[in-house]
Amino acid sequence: VDKAWKELSNILSGIFCASLNFIDSTNTVTPTASFKPLGLANGTDHQLLRYAVLPREVVCTENLTPWKKLLPCGSKAGLAVLLKAERLFHSSYHSQAVHIRPICRDASCRAVSWELRQTLTVVYESFYSGQGKKDWSLFKMFSRTITEACPLASQSKIYVDISAKDKEKELLEVTPSPTSLHEAIVQGEKRTYAVYDLLSPSLFNTSRSLNVQLKWKQPQDSLELSTPILHAHRYVSGYGLQTGKISTLIYNTHPYRAFPVILLETVPWYLRLYVHTLTIITKGKENKPSYIHYQPAQDRRQPHLLEMLIQLPANSVTKITIQFERALLKWTEYPPDPNHGFYVSSSVLSALVPSVIATKEVDMEQSPLFTSLFPSSDGSSYFMRLYTEPLLVNLPTPDFSMPYNVICLTCTVVAVCYGSFYNLLTRTLHVEEPSKGGLAKRLANLIRKIRGVPPL
Amino acid sequence: MAPGGHPGHLGANSGSVGESGSWGPGEELQKMLVEGLALLDLGVSPYSGAVFHETPLIIYLFHFLIEYAELVFMITDVLTAVALYLAIQDFNKVVFKKQKLLIELDKYASDVAELIRTPMEMHYIPLKVALCYLLNPYTVMSCVAKSTCSINNTIIAFFILATIKGSAFLSAIFLALATYQSLYPVTLFAPALLYLLQRQFIPVKLKSKSFWLYSTQYAALYLCSLVVIICLSFFLLNSWDFIPSVYGFILSVPDLTPNIGLFWYFFAEMFEHFSLFFVCVFQINVFFYTIPLAVKLKEHPMFFMFVQIAIISIFKSYPTVGDVALYMAFLPVWSHLYRFLQNIFILSCLLIFCSLLFPVLWHLWIYAGSANSNFYYAITLTFNIGQILLVSDYFYAFLRREYYLTHGLYLQRQDGTEAMLVLK
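Given the structure is predicted, the values throughout are model-derived calculations rather than measurements.

> Give me the overall build of chain A: which residues, what numbers.
For chain A, the helix and strand inventory stands at eight helices and 23 strands. For chain A, the accessible surface area stands at approximately 25600 Å², while carbon and sulfur atoms represent 56% of it.

This is how it looks when you write it as structure tokens:
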């Protein structure tokens, strides 16, 4: 499996122009409970699963271009026309994903085909850039509009969330008018979506381009966001370059339901975790996890892996802390800017969050987007995977300008010892005989005789 | 900085001392041990990670004693001091007897009356040795930091006691325990063997049959006890994992945590290509002084033991101040060499100065961020130079005294002027 993993990471690195070839055994772990293969995979043996994170790498234009090339129409037609790099990276958050899983080719499932799902997530801040108004349009965000649907697409739709919070229907207005409305229950809330079907002929007959605009009827003076039921925060504390503490805070804001969450932490080997300092405290009392899997790190070979199943009581904050010690690395193991620090990858929280409203079973054929983005196996809860913040940790650094000096000085000290002991061991004490004088002494005496001064 | 309230964790004071790397990793035993036990509880072998490098016997021993750890370390220090006291007491008797024999055999020159040692001056030496060990700030530091080297020191002290008393069996067992704990005391085999041979009045000649017989007996005892102890460790944890974790760790130096030795910065700045070569060179450096010292000092095995212990403490891969405390405890035994020491003032000032600067520069580097790793490295260098020169100074003084004993104290050249002694 490791050989296939290495090949896969190298191939992906080549396809996406990403530094995925830096994935090796020092940042790969084998999680036991947090991840399961999606789709039709039969295997439940976690030994075949690999998980790696490169926290130092960022997504940039070079990764966007091959990602767009994987789309059937590329960036020439359809929705991908909007994806131009200069507006896309001018955002607060950007994320690209490629998922591949095996699925049934038809209803009887006699043949298996591979499903490729690409997602792009961008968060624009229009409130601050749009002069205090939350109005947005496709043109404002992407500086272009959609002119035609991709001819190769069987479905091409735009969904705009127009859920009204306070049942005031006339709070916002979307132009042009949508082809239909769609209601779904997403993450425990009922949401209404305005649907623009790009393949329907009625959309493009009034104007050649489609520019979806949203206007708020009343001025919004505050941003009100409902807190999600499960959210987390992770930080590192401690001072000095020797020890530190990683703390993870997990919030369960559900008013009356408790649910378990699986926490997966991958810590690089040079932060030596002390598992006996692991404490989990909820509401002031200790909370013992029902499942712990800990794989300690091996120097320069394997990172730490800590997986725990923790029960989160309703309306509570759980604090998980673990202490670590920082190691001194060899001078070649530091990245180019060593004082920037080392990144610790995000920890992953996986949970089946109970939803306030029961979800209905939705057929995958009817709305493939929602079932893949917001999967739920039964009506009462939905699956959520959270990634916490990555951490930046400083390690003590040796002086990088000093390799020759250090080698010389240390070898000098060893040579001092060797020299003194060699003298003491191989030579014996003798009474000193007055010598006739070496060459220098004889010359000096000669000069003195010439000068008339007594000899040495 | 040390988090309070966690069971089994150090209190704030000792935590800060223990974390200060200068007194450092003879491993902060308490933390390591609790970590090892926690890993065992989770069903993971404590040697599967890179944090735990203690031997299984220590885990087993401290499994029951973890609550009383402070008391245990105090008791080990007291035991070491008592063992050293008894050992030196016996040793003094042996020295005196040998001196008397040599005087009667007329081996000494005529005017060396000042150099002959009297029982009066030797009376307080065992007490001085015990106090020198107990009151040494290095010993106190290592006891507070609860590092393994206190236990190492106890085992070596008992080994010395057993050797001086003449019991080859006990001496072999303690030496095997010491070797099992940290690899380097295997070099103490040679001085112990020489001492026991001397005690049995077997001359060290390569052709002599009794010499080989006794040597093989002692070696067999030592090797058998070592094998027994290793197999016992295997049965404790049911795996051979501890061998690469303990001995591989000592020999290959993977962990570069700063300590008072020379290795860590050297290997942190080493080119990858030469890493293995220099590891081998540095390890050989510890072991290869044994044979030349044995040849030179075969009449004086206790001094040989002292020099060997000093060499181990200076050049071992993870030295701690507890190791320094052990050989410094022996210095009162050679206090009669004081008049021949050449640099003792400078060296003692150097050692005191460096010991004071260690925690300061450590703090400046790691916590205040205003100093560099070079500052701490420089103090490491000077401290080790000080130790090396101290040992070689004592060695020189010892050889000089021996020369004077056999050739007379007031040497004259052929023309009657006072003579100078020179190493040639």
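> I'd like a rundown of the nonpolar core, residues and numbers included.
Phe 421 of chain A together with Ile 160, Tyr 218, Leu 293 and Trp 334 of chain B are the most contacted members of the largest nonpolar core, which has 197 residues in total. When residues in this core are grouped by element, the largest group, 17 residues, is from helix H19 (residues 373–407) of chain B. Membership of the second largest hydrophobic core comes to 26 residues, among which are Ile 146, Ala 149, Val 160 and Val 212 of chain A.

> A description of the packing of helix H8 (residues 149–165) of chain B against helix H17 (residues 321–328) of chain B should follow, citing residues and the corresponding values.
Residue and element names in this part refer to chain B. Relative orientation of the contacting elements H8 and H17 amounts to 25°, with a least axis distance of 8 Å. The orientation of H8 relative to H17 falls into the category roughly parallel. When the axes of H8 and H17 are compared, the crossing they make is right-handed. Packed against H8, whose contacting residues are Cys 149, Asn 153 and Ile 156, the element H17 presents Gly 322, Asp 323 and Leu 326 at the interface. A per-class count over the contact of H8 with H17 returns three nonpolar, two polar and one charged.

> Help me get a handle on the sheet that holds strand S18 (residues 316–326) of chain A, residues and values and all.
The antiparallel open sheet is built from five strands, whose spatial order is S11-S12-S18-S14-S15 (chain A). Looking at strand neighbours, the two that pair on one side only are strand S11 (230–237) and strand S15 (285–286) of chain A, the edges of this open sheet. As paired elements, S11 of chain A and strand S12 (residues 243–252) of chain A share eight bridges and run antiparallel to each other. For Val 236 of chain A, the partnering residue across the bridge sits in S12 of chain A and is Ile 246 of chain A. Together, strand S14 (271–282) and S18 of chain A form the strand contacts of helix H2 (residues 29–41) of chain B, whose direction differs from that of S14 of chain A by roughly 70°.

> Pulling in residues and values, what's your account of the interface of chain B and chain A?
Each side of the interface is counted separately: chain B has 74 residues, and chain A has 57 residues. Between chain B and chain A, a total of about 6200 Å² is buried, with carbon and sulfur atoms accounting for 68% of that surface. The partner of Arg 272 of chain A in a salt bridge is Asp 255 of chain B, and the shortest N-O contact between them spans 3.3 Å. Between the two partners, chain B and chain A, sit 17 residue pairs in polar contact (both at pLDDT 80 or more). Ranked by residue count, the leading element in the side of chain B that touches chain A is H19 of chain B, at 15 residues. Its residues placed into classes, the side of chain B that touches chain A shows 50 nonpolar, 14 polar and ten charged.

> Tell me about the sheet that holds strand S6 (residues 157–161) of chain A, residues and numbers included.
Residue and element names in this part refer to chain A. Judged by pairing direction, the sheet is antiparallel, and its three strands sit side by side in the order S6-S9-S8 without closing on themselves. Bordering the open sheet on either side are S6 and strand S8 (180–186), each of which pairs with just one other strand. Taken pair by pair, the neighbouring strands of this sheet meet at an average axis angle of 35°, ignoring direction. As defined by bridge partners, S6 adjoins strand S9 (residues 189–197) across five bridges and the pair is classed as antiparallel. Residue pairing in the sheet places Tyr 159 in a bridge with Val 195 of S9.

> How would you explain unusual backbone geometry if you had to name every residue and give the values?
Residues and elements named next belong to chain A. Of note in the backbone geometry, Arg 300 takes a positive phi value of approximately 65° without being a glycine. Inspection of the secondary structure assignment puts Arg 300 in the loop between strand S16 (291–295) and strand S17 (304–312). You can call Arg 300 partly exposed: its relative accessible area is 23%. Positive phi, close to 55°, is recorded for Asn 315, a residue that is not glycine. Position of Asn 315 among the secondary structure elements: in the loop between S17 and S18.

> Tell me what's going on with a nonpolar patch on the surface, and back it up with residues and numbers.
Residue and element names in this part refer to chain B. On the surface, Val 78, Val 82, Tyr 85, Leu 86, Tyr 124, Leu 127, Leu 131, Leu 134 and Leu 135 cluster together to form a nonpolar patch covering roughly 790 Å² of accessible area. Listed by contribution, the elements that provide at least two residues to the nonpolar patch are helix H4 (69–104) and helix H6 (125–134). Ranked by residue count, the leading element in the nonpolar patch is H4, at four residues. Checked against the element boundaries, Leu 134 lands in helix H6. Residue Leu 134 is classed as partly exposed on the basis of its relative accessible area, which comes to 33%.

> Can you lay out the state of the cysteines for me, pointing to particular residues and giving the numbers?
Each disulfide consists of one covalent bond between the sulfur atoms belonging to two cysteines. All names here are of chain A. Across all of its chains, the model carries one disulfide over all chains by this definition. In this model Cys 73 forms its disulfide with Cys 150; the gap between the sulfur atoms is 1.6 Å. Between Cys 73 and Cys 150, the disulfide has an S-S torsion of 75° and is therefore right-handed. One end of the pair, Cys 73, is in the loop between helix H2 (61–69) and helix H3 (85–88); the other, Cys 150, is in the loop between helix H5 (138–142) and S6, and 77 residues separate them in sequence. We note that Cys 73, like Cys 150, is buried. With no disulfide of its own, Cys 17 lies closest to Cys 60 among cysteine sulfurs, the gap being 8.6 Å. Cys 417 carries a free sulfur, and the closest cysteine sulfur to it, the one in Cys 411, is 13 Å from it.

> Outline the pairing of S18 of chain A, supporting the account with residue identities and numerical values.
Residues and elements named next belong to chain A. Across the eleven residues that make up S18, a large majority, nine, are buried. Note that S14 and S18 share eight bridges and pair antiparallel. Bridge pairing links Leu 273 to Phe 324 in S18.

> Give me the lowdown on the environment of Ile 344 of chain B, citing residues and values where you can.
Residues and elements named next belong to chain B. Considering the arrangement of structural elements, one finds Ile 344 in helix H18 (residues 344–368). With 129 residues separating them in the primary sequence, Ile 344 and Ser 215 have C-alpha atoms 38 Å apart. Setting aside residues up to four positions removed in sequence, Ile 344 forms contacts with Tyr 338, Leu 390, Asp 393 and Tyr 394.

> Just give me the short version of the packing of helix H10 (residues 189–199) of chain B against helix H11 (residues 209–237) of chain B, but keep the residues and values in it.
All names here are of chain B. Where H10 contacts H11, the two axes come as close as 11 Å, and the packing angle between them is 135°. One element, H10, and the other, H11, form an angle in the oblique class. Once H10 is placed against H11, the crossing between them reads as right-handed. Of the residues in H11, those touching H10 at Phe 189, Ala 192, Leu 193, Leu 196 and Leu 197 are Phe 211, Tyr 214, Ser 215, Tyr 218, Ala 219 and Tyr 222. Of the residues assigned to the contact of H10 with H11, the class counts are ten nonpolar, one polar and no charged.

How each quantity is defined
- Residues numbered from 1 in each chain as written.
- Chains lettered and ligands numbered in written order.
- Predicted model: local features only at pLDDT ≥ 70, side-chain atom pairs only at ≥ 80, totals over all residues.
- Heavy atoms only, no water.
- Helix = DSSP H or I, 4+ residues; strand = E, 2+ residues; numbered from the N terminus.
- Areas by Shrake-Rupley, 256 points an atom, 1.4 Å probe, with all protein chains shown as cover.
- Core = buried A, V, L, I, M, F, W, Y, C linked by side-chain atoms within 4.5 Å.
- Buried < 20%, exposed > 50% of the residue type's maximum accessible area, 1.4 Å probe, protein only.
- Axes fitted to C-alpha atoms, helices over the stretch in contact; angles between N-to-C directions.
- Parallel < 35°, antiparallel > 145°, perpendicular 65-115°, else oblique.
- Left-handed = near helix turned anticlockwise from the far one by under 90°.
- Contact = heavy atoms within 4.5 Å.
- Nonpolar A, V, L, I, M, F, W, Y, C, P; charged D, E, K, R; others polar.
- Pairing = 2+ DSSP bridges.
- Buried area = accessible area lost by both parts, 1.4 Å probe.
- Salt bridge = Lys/Arg side-chain N within 4 Å of Asp/Glu carboxyl O.
- Polar contact = N/O pair within 3.5 Å; in protein donor to acceptor, adjacent residues only side chain to side chain.
- Patch = residues over 30% accessible without salt bridge, like charges linked within 9 Å, V, L, I, M, F, W, Y side chains within 5 Å.
- Disulfide = S-S within 2.5 Å.

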